[in-house]
Amino acid sequence: MSQSSCWVRLSSSYKRFSSLPALTRPITRVPTYTCLPPHHHHHHPTYHQRHRQLCDRADHTSAKMTSTMRALVTTEDHKATVKEIPKPTPGEGEILVKVHYAAQNPTDWKGVASAPPGVIVGCDFAGTVASPSSRWREGQRVAGFVFGNNPSPKRGAYAEYLVIEETLVFPIPNSISFAEAATVPLPLATASQALFQRLGLPEPSKPAKSAFPVLVNGGTSSVGKYAVQLCKLGGLYVIATGSRKNHDLLTSLGVDAVVDYADDNWPEKVRELSHDNLQHAFDCISEENTTPKVAQALSSTKGGHVLCILPRKTSELPQDLQRKVKVESTIVYTVFGRPIKYGTFDNCSDKDPRPQDKAHWEKVLSEVPEWLESGKLKPNRVKEAGGLDDVLEGFKLHQEGRVSAEKLVYKIA
Ligand SMILES: NC(=O)c1ccc[n+]([C@@H]2O[C@H](COP(=O)([O-])OP(=O)(O)OC[C@H]3O[C@@H](n4cnc5c(N)ncnc54)[C@H](OP(=O)(O)O)[C@@H]3O)[C@@H](O)[C@H]2O)c1
């Protein structure tokens, strides 16, 4: 296979990467019990665990005394501001979480532009359990995502506390920082829903017997970085697009072949790399001008299936491609098991609560701790961007396209 200046074929080497400042990692690695049910954690806490429990308890006691919290809330003019608002109270089957870190997704600022006033912004969080339940003990480190920017129920991650269903968080292994854990939930849920539920690709628990090709367009995006790793765990031959400067990062995540999307010819390069046999593609960018290119990369004889995370349609493709390529879209907010209407995404409806989407996410949540702890799944690179008062500044950076292959995270409490 030839090489050009615009694309490189890479081996599937699997290097461990980390761009985290040393101080955000635990100084001592303490044993973790994440595969056991949460109540087992009571046994023999190490010095570090005991210390953390005591600190968390002290925090919790003082928090109990105040009934308000700081949160980023939408205003009348489709903007948002930090306000003091009532602290939420968990209902049946829910827990209160004290948010330590929140991570930024494009949906946060897109949502602010369209949400009604008075809703809480933000989805991805990592924190500690502030109200115990039958599944979780107080002070336990957990991460998850909520449907931010949404009036019912009103939940958001850019807040000192949030309420979430007790089945929709995962226990954070001790080797993973709060900041790293916060980068995982929403993009991982999106990638898993798209790849396994919608494209029907082999799951990590039942990998492909022989590798067939899959394309992840926008492999360096937040969703893309989890997508390429999930595809590798599923035993596939993974081709990903990304800027040249990020190709080493993609290789370190196990990607088999990388192409630069700045090369006009990139779909042809993918056809060469896949011996014109690509039938599955995940477009993590899903813009009007990316999905037709992804469709062009599919097998010229067999065509195939392109999954998008913005509401792209087959009818937007050139006529000749429409005959053999199916374009579909998926929205991650169906994991909450409530009927939703969200643009023209193919998987949501205001009648169907999609219990299968919630069940799928719950299954992934049960697998995540082991994936993270064993290094099979590496969290997105984090970039500390301040606290609650700095989120709007971070939105601006992201909107201007100045966030490349990293995740802005905010220290909340
Ligand atoms: N449907 C859903 O449920 C759902 C869920 C999550 C996200 N989304 C949507 O998916 C999109 C991506 O979200 P994200 O959080 O993953 O994004 P992100 O992390 O902000 O993505 C940034 C990356 O996109 C890459 N990129 C930009 N233009 C590209 C192009 N033309 N081709 C290939 N790569 C390109 C850049 O790569 P380089 O730096 O390498 O150039 C950059 O690293 C957003 O529109 C978001 O709203 C939808």
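Fair warning: this is a prediction, and the values are worked out from it, not measured in the lab.

Caption draft 1: Region of the structure containing the site of the ligand. Lining the immediate surroundings of the ligand are 28 residues, of which Ser-221, Ser-243, Ile-309, Val-332 and Ser-404 lie closest. Counting residues per element, the ones that place at least two in the shell around the ligand are α2 (106-114), α4 (185-198) and α5 (222-233). Per-element accounting of the shell around the ligand gives the leading share, three residues, to α2. Residues belonging to the shell around the ligand are distributed by class as follows: 12 nonpolar, 15 polar and one charged. Counting contributing residues per domain, the shell around the ligand is built from domain 1 (36-184 + 379-411) and domain 2 (188-355), each supplying no fewer than three.

Caption draft 2: Looking closely at the nonpolar core. One finds Val-97, Tyr-101, Phe-125, Ala-182 and Ala-227 to be the most contacted residues of the largest nonpolar core, which totals 117 residues. Split by domain, this core shows at least three residues from each of two domains, domain 1 (36-184 + 379-411) and domain 2 (188-355). The contacts of Phe-125, once residues within four sequence positions are left out, are Val-97, Val-99, Tyr-101, Ala-102, Ala-143, Gly-144, Phe-145, Ala-157, Leu-162 and Ala-182.

Caption draft 3: Just the pairing of strand β6 (residues 141-145), in detail. Taking burial as the measure, the five residues of β6 include five buried ones, the bulk of the element. Residues Arg-141, Ala-143 and Phe-145 line one face of β6 and the alternating positions Val-142 and Gly-144 line the opposite face, and both faces are buried. The sheet contact formed by strand β5 (residues 124-129) and β6 spans five bridges and is antiparallel. Counterpart to Gly-127 in the pairing with β6 is Val-142.

Caption draft 4: View of α2. Every buried residue belonging to α2 is among Thr-107, Asp-108, Gly-111 and Val-112, and all of these are buried. Burial along α2 is one-sided: seen end-on, the buried residues are contained in an arc of 140 degrees. Of the surrounding elements, those touching the buried residues of α2 are β2 (68-74), β3 (80-86) and α11 (391-399).

Caption draft 5: Region of interest: the packing of α2 against α11. The interhelical angle for the contact between α2 and α11, taken along N-to-C directions, is 105 degrees, at an axis separation of 10 Å. As the angle between them shows, α2 and α11 are arranged roughly perpendicular. In contact with Pro-106, Asp-108 and Trp-109 of α2, α11 contributes Phe-395, His-398 and Gln-399. Looking at the contact of α2 with α11 residue by residue, the class counts come to three nonpolar, two polar and one charged.

Rules used in this analysis
Residues numbered from 1 in each chain as written. Predicted model: local features only at pLDDT ≥ 70, side-chain atom pairs only at ≥ 80, totals over all residues. Near = placed C-beta within 6 Å. Helix = DSSP H or I, 4+ residues; strand = E, 2+ residues; numbered from the N terminus. Nonpolar A, V, L, I, M, F, W, Y, C, P; charged D, E, K, R; others polar. Domains from an automatic or database assignment. Core = buried A, V, L, I, M, F, W, Y, C linked by C-beta atoms within 7 Å. Buried ≥ 20, exposed ≤ 12 C-beta atoms within 10 Å, placed from the backbone. Contact = placed C-beta atoms within 7 Å. Pairing = 2+ DSSP bridges. Arc of directions from axis to C-beta. Axes fitted to C-alpha atoms, helices over the stretch in contact; angles between N-to-C directions. Parallel < 35°, antiparallel > 145°, perpendicular 65-115°, else oblique.

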